[in-house]
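Next come the chains, spelled out residue by residue.
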Amino acid sequence: MEKLKKYEIKTVENGWTRLENYRYGYVVAIKEFQGICVNITNFSSHSLHNYSIADLEKDNGDWSYIFDEKLLERVDGEDNLKNVLPKYHLTDEEIAEVISYDFDDEDSESYNLQVQRIRAHMENE
């Protein structure tokens, strides 16, 4: 499997770690709440994990750790996600934060610098 890190853009803001595969447009946002990590994606497949944000560094570049390690539950769709989150003791405010996450938030200097690096790499392939 192709290494996703080659095209990965990573930003951290307000406790959210946002990983984007620039080439394919996949985005996953991860934040720790109540001792679990909530992973939400821009393609309706979400998951909850019993690892910490610091554990994300254990991923080998293909996002398998991020999506599969210490899996508590997979959830399809926003409505199902809203129904599952209270089971893990998220407050109404935290649930609202998860549901309202903006996957299109690409307005940072760090994001733009990483895009430039990836574009240059893609041009040289």
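First, a word on what this report is: a plain description of the structure on this page. Remember, it's a predicted structure, so these values are computed and weren't measured experimentally. (Residues numbered from 1 in each chain as written. Predicted model: local features only at pLDDT ≥ 70, side-chain atom pairs only at ≥ 80, totals over all residues. Heavy atoms only, no water.)

A word on the nonpolar core
The following threshold applies: Buried Ala, Val, Leu, Ile, Met, Phe, Trp, Tyr and Cys residues form a nonpolar core when they are joined through side-chain atoms within 4.5 Å. Partly exposed describes any residue whose relative accessible area lies between the buried limit of under 20% and the exposed limit of over 50%, with all areas from a 1.4 Å probe on protein chains only and scaled to the type maximum. Every helix listed is a DSSP run of H or I at least four residues long, and every strand listed is a run of E at least two residues long, numbered separately from the N terminus. Contact between two residues is taken to exist if any of their heavy atoms lie within 4.5 Å; hydrogens are not considered.
Within the largest apolar cluster, 18 residues are counted, with the highest numbers of intra-cluster contacts made by Trp16, Val38, Ile40, Leu48, Leu85, Leu90 and Val98. Of all the secondary structure elements, the ones that give two or more residues to this core are strand S3 (26–33), strand S4 (36–41), helix H2 (78–84) and helix H3 (92–99). The contacts of Val38, once residues within four sequence positions are left out, are Trp16, Ala29, Ile30, Lys31, Phe33, Ser47, Leu48, Leu85, Leu90 and Val98. Core analysis: the next-biggest nonpolar cluster, separate from the first, contains 11 residues, Val28, Tyr51, Trp63 and Ile66 among them.

So, the side chain of Asp55
Its location among the elements puts Asp55 in the loop between strand S5 (45–49) and helix H1 (64–68). Looking at Asp55, the relative accessible area reads 14%, which means it is buried. Ignoring anything within four residues of it in the chain, the contact list for Asp55 reads Tyr65 and Lys70.

A look at the pairing of S3
Counted only if it meets this: When DSSP finds two or more bridges between a pair of strands, those strands are recorded as paired.
Most of S3 is tucked away: 6 of the 8 residues are buried. Looking at chain direction, strand S2 (residues 16–21) and S3 are connected through 5 bridges and run antiparallel. Within the sheet, the bridge partner assigned to Thr17 lies in S3 and is Ile30. Between the antiparallel neighbours S2 and S3 lie 4 residues, among them Gly25 with a positive phi of about 85°. The hairpin formed by S3 and S4 contains 2 residues between the paired strands, and Gln34 there has a positive phi angle of roughly 50°.

Focus: the layout of surface pockets
Here is the rule we go by: The pocket and cavity definitions rest on a 1 Å grid over protein atoms only: a 1.4 Å probe that fits but cannot leave marks a cavity, an open set with protein on both sides within 12 Å along at least five of seven lines marks a pocket, and residues lining either have an atom within 4 Å of a point. Grid points are joined across faces, edges and corners, and a volume is the space filled by probe spheres set on the points. Residues are grouped as follows: Ala, Val, Leu, Ile, Met, Phe, Trp, Tyr, Cys and Pro are nonpolar; Asp, Glu, Lys and Arg are charged; every other residue, Gly included, is polar.
Quantified by volume, the largest pocket comes out at close to 200 Å³. If you go around the largest pocket, you meet 14 residues; those closest to its centre are Glu13, Trp16, Tyr101, Asp102 and Asp105. Those elements that provide at least two residues to the lining of the largest pocket are strand S1 (8–13) and S2. Along the lines of polarity and charge, the residues of the lining of the largest pocket split into 3 nonpolar, 4 polar and 7 charged.

With respect to H3
One full turn of an α-helix is made of 3.6 residues, so residues set three or four places apart face in the same direction. Our working rule: Directions from the helix axis toward the C-beta atoms define the arc.
Turning to H3, its buried residues number three or more, namely Glu94, Ile95 and Val98. All buried residues of H3 fall inside an arc of 100° around its axis, so they share one side. What points out from H3, more than 90 degrees from its buried face, is the exposed set Asp92 and Glu93.

With respect to the side chain of Ser47
So the rule is basically this: Think of a polar contact as two N or O atoms within 3.5 Å of one another; within protein, one of them needs to be a possible hydrogen donor and the other a possible acceptor, and neighboring residues in sequence only count if both atoms come from side chains.
Tracing the backbone through its elements, the reader meets Ser47 in strand S5. A polar atom in the side chain of Ser47 sits 2.7 Å from the side chain of His49. Leave out the neighbours within four places in its chain, and Ser47 touches Cys37, Val38, Asn39, Phe67, Leu71, Glu73 and Arg74.

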